[in-house]
Amino acid sequence: MNVVYNFSAGPAMMPKDVLLQATKELQNWKQSGSSIIEISHRSEEFIQVALEAEQDLRDLLNIPDHFKVLFCQGGARGQFSAVPMNLLSCDKKADYINSGYWSECAFIESKKYCIPKSILIKKKHYDRKTFLLPMKKWNFNKDSEYIHYCPNETIDGLSIYEEPCFNDKVIIADFSSCILSREINIENYDLIYAGAQKNIGPAGITIIIIRENLIKFCSKISPSILDYKNILQYNSMFNTPPTFSWYLSGLVFKWLKKNGGLKNIEKLNKKKADLLYKKIDDSDFYINNIDIKNRSNMNVVFYLKDPQLNSIFLEKASLIGLKYLKGHRIVGGMRASIYNAMPLAGVQALINFMSYFENRYG
Ligand SMILES: *Cc1c(COP(=O)(O)O)cnc(C)c1O
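Criteria and thresholds
- Residues numbered from 1 in each chain as written.
- Predicted model: local features only at pLDDT ≥ 70, side-chain atom pairs only at ≥ 80, totals over all residues.
- Heavy atoms only, no water.
- UniProt positions renumbered as here; feature names shortened; annotations may be inferred.
- Patch = residues over 30% accessible without salt bridge, like charges linked within 9 Å, V, L, I, M, F, W, Y side chains within 5 Å.
- Areas by Shrake-Rupley, 256 points an atom, 1.4 Å probe, with all protein chains shown as cover.
- Salt bridge = Lys/Arg side-chain N within 4 Å of Asp/Glu carboxyl O.
- Helix = DSSP H or I, 4+ residues; strand = E, 2+ residues; numbered from the N terminus.
- Buried < 20%, exposed > 50% of the residue type's maximum accessible area, 1.4 Å probe, protein only.
- Near = heavy atom within 4 Å.
- Polar contact = N/O pair within 3.5 Å; in protein donor to acceptor, adjacent residues only side chain to side chain.
- Axes fitted to C-alpha atoms, helices over the stretch in contact; angles between N-to-C directions.
- Parallel < 35°, antiparallel > 145°, perpendicular 65-115°, else oblique.
- Left-handed = near helix turned anticlockwise from the far one by under 90°.
- Contact = heavy atoms within 4.5 Å.

As annotated in an unreviewed UniProt entry, the chain is Phosphoserine aminotransferase from Buchnera aphidicola. One UniProt comment on the chain, placed under Subunit (unreviewed entry), says "Homodimer." Recorded in UniProt for the chain, the comment headed Sequence similarities (unreviewed entry) runs: "Belongs to the class-V pyridoxal-phosphate-dependent aminotransferase family. SerC subfamily."

(A) Here's a closer look at a nonpolar patch on the surface. A grouping of Leu26, Ile37 and Phe244 is seen on the molecular surface, where their side chains present a nonpolar patch of about 230 Å² in accessible area. In this structure, phenylalanine 244 sits in helix H6 (residues 243-258). For phenylalanine 244, a relative accessible area of 35% corresponds to the partly exposed category.

(B) Just the site of the ligand, in detail. Arg77, Thr154, Asp174, Gln197 and Lys198 are the nearest of the 13 residues found near the ligand. Arginine 77 is positioned such that a nitrogen or oxygen atom in its backbone is 2.8 Å from an oxygen atom of the ligand. The contact in question runs from an oxygen atom of the ligand to an N or O atom on the side chain of threonine 154, over 2.4 Å. For the ligand, whose accessible area on its own is 390 Å², the fraction buried by protein is 87%. Here the shell around the ligand takes four residues from helix H3 (residues 75-87), the largest share from any one element.

(C) Focus on the packing of H3 against helix H4 (residues 101-110). Following both chains from N to C, one finds H3 and H4 inclined at 45°, their axes separated by 9 Å at the closest point. By the angle between their axes, H3 is oblique relative to H4. Crossing of H3 against H4: the hand is right-handed. Here Arg77, Phe80, Ser81 and Pro84 of H3 come into contact with H4, specifically with Tyr101, Trp102, Cys105, Ala106, Glu109 and Ser110.

In structure tokens form, the structure reads like this:
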């Protein structure tokens, strides 16, 4: 089989080394005679796996002790409900920064649980380039209980790299598609959540990093499995956790640590994205209409000048092992998701193909 580079947005490519290790130990985990996925989540062996995963995540992100790490289910969408149910009562207000598809979904869901206000920050310059208003221009409300935003809009290919600092405002961030892609200062946030299937690997687990003093109130209508206090009390094992995803996430954390942590991966991610955007900007054949400040390093959205060539572009790319480049249906065009697990060689292969395709069809 030829090398395949998988540009899927999620579930997405996993590090090859991690898949190799998982394959090797899948049937017989550490000579125990059992697979890690066929033993109890309450066994000593699994609890060890779970604790190590948390510690490795804490090391990678430098998570201070007064933040708790929870491993949940229900995906990021589950958190669209869990966040308001855990943080405020239904007569309270919250600000939802609208920067694209996912932040808008979070806003819509939150209406069931509170009085949210949507604050649109997605704008267009005179030259038609899309940009996001910088944080100092976010027009939030004095009486809102928190500000929710999404630092990486997976579908729109829009990113916010600024770190929030709004003094006494509670900051909630949906990091689903950029967690562990770069260094951040956890102290600038109050609650971070992320589904694992974008930049960590296996679908099924959702990571929550929350300032401990925020875990207190939870709406009576909240299902117990979404109640942070309850999850914490049971060490994220109130109900049976997705043990396979938890274990695989743990392997990915170890892989990241072994490869120089977030400092290194951030450099590599920037390099990959810069190369790809340069290829797009250097030609009239490919287009990306996003202000440089807000271009995502994780999801590179681009268009062919002639959309009639879209299907042949995708077909030819797939033939040489460049897979799943089709853009999300609501924005069209192409999307190359180049998360941590995408090697530089994959991006270079895509760039070479883009040059070939432009020469042949341009
Ligand atoms: C994929 C994604 C979601 C939805 O995640 P699920 O785990 O499928 O619920 C939410 N927010 C962002 C930013 C995403 O990329």
